[in-house]
Amino acid sequence: MKKTTIARIGMILAATLGFSACSSTSSSTEPKQASESVTSKNKTVAVSLKSNPTTGFSWECSIEDGSIAKIASDTYKQDSAPKDMVGVGGLQTFVIKCVKEGTTDITFTYRRPWKGGETGETRRAKLSVDEKLRGTLNFY
């Protein structure tokens, strides 16, 4: 199983939303394969997914057991593009705060909620939180 360590989350999130969390040395990553995992050294795990809200689609994050983890932030940053260019995509980043030790399922759904809930893609992961509140997100 490929492991991706999260580094520099504070810098990335400060650039996207001015967010400063308890995790200052993590970054976000987009899962490339269904079996990829994202591991945090701190109390948050960040996941960035390609998104293009100009199509009406955006990612939603659902955590099965909210006592284990909570969504700390949901931000979007558009990719660089020439001035006045429309239809440009970007990255939507979810920061998930680990609250207590345990495991829970997390579902990321790319959907168009205003048009009958049309779904474009679904990604599922299992979040395991250890006693030090470090989270590992395994996509399946």
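Everything here concerns the structure above.
Residues numbered from 1 in each chain as written. Predicted model: local features only at pLDDT ≥ 70, side-chain atom pairs only at ≥ 80, totals over all residues. Heavy atoms only, no water.

### Some thoughts on the nonpolar core
Among the nonpolar cores identified, the biggest contains 22 residues, and Ile96, Ile106, Phe108, Leu127 and Leu137 are the most heavily contacted of them. Contributions of two or more residues to this core are made by β3 (44-51), β4 (58-63), β6 (90-98), β7 (102-112), β8 (118-129) and β9 (135-139). (Core = buried A, V, L, I, M, F, W, Y, C linked by side-chain atoms within 4.5 Å. Buried < 20%, exposed > 50% of the residue type's maximum accessible area, 1.4 Å probe, protein only. Helix = DSSP H or I, 4+ residues; strand = E, 2+ residues; numbered from the N terminus.)

### A look at the sheet that holds β6
Sheet architecture is open: three strands sit in the order β3-β6-β5, paired in antiparallel fashion. The open sheet terminates on both sides in strands that have one partner only, identified here as β3 and β5 (69-78). When the angles between neighbouring strand axes are averaged without regard to direction, this sheet yields 20 degrees. Direction of pairing for β3 relative to β6: antiparallel, over a ladder of eight bridges. Counted as the bridge partner of Ser48 is Thr93 from β6. (Pairing = 2+ DSSP bridges. Axes fitted to C-alpha atoms, helices over the stretch in contact; angles between N-to-C directions.)

### Some thoughts on unusual backbone geometry
Positive phi outside glycine occurs at Asp84, with the angle close to 70 degrees. Within the secondary structure, Asp84 sits in the loop between β5 and β6. Here the phi dihedral of Leu133 falls at roughly 65 degrees; this positive angle occurs in a residue that is not glycine. By the element assignment, Leu133 lies in the loop between β8 and β9. Judged by relative accessible area, which is 18%, Leu133 ranks as buried.

### So, the pattern of salt bridges
A full pass over the atoms with the stated rule returns five salt bridges. A salt bridge links Asp105 to Lys126; the shortest N-O distance between them is 2.9 Å. Of this pair, Asp105 sits in strand β7 while Lys126 sits in strand β8; the two residues are 21 residues apart in sequence, bridging distant segments of the chain. Judged by its relative accessible area of 34%, Lys126 falls in the partly exposed class. The residue Glu118 makes a salt bridge to Arg112 at a minimum N-O spacing of 3.1 Å. (Salt bridge = Lys/Arg side-chain N within 4 Å of Asp/Glu carboxyl O.)

### Comments concerning the packing of aromatic side chains
Considering all chains together, one arrives at four aromatic pairs under this definition. Considering the side-chain rings of Trp59 and Tyr110, the 4.9 Å spacing of their centres and the 35 degrees angle between planes classify their relative orientation as tilted. Of this pair, Trp59 sits in strand β4 while Tyr110 is found in strand β7, placing the two residues 51 residues apart along the sequence. With respect to class, Trp59 is no different from Tyr110; both count as buried. Seen from their ring centres, Phe94 and Phe108 are 5.7 Å apart, and the 55 degrees between their planes marks the pair as tilted. Separated by 14 residues along the polypeptide, Phe94 in strand β6 and Phe108 in strand β7 bring together distant segments of the chain. Taken as a pair, Phe94 and Phe108 share a single burial class, namely buried. An aromatic cluster is defined as three or more aromatic residues linked by ring pairs; in this entry it consists of Phe57, Trp59 and Tyr110. (Phe/Tyr/Trp six-rings, centres within 6.5 Å; stacked < 30°, edge-to-face > 60°.)

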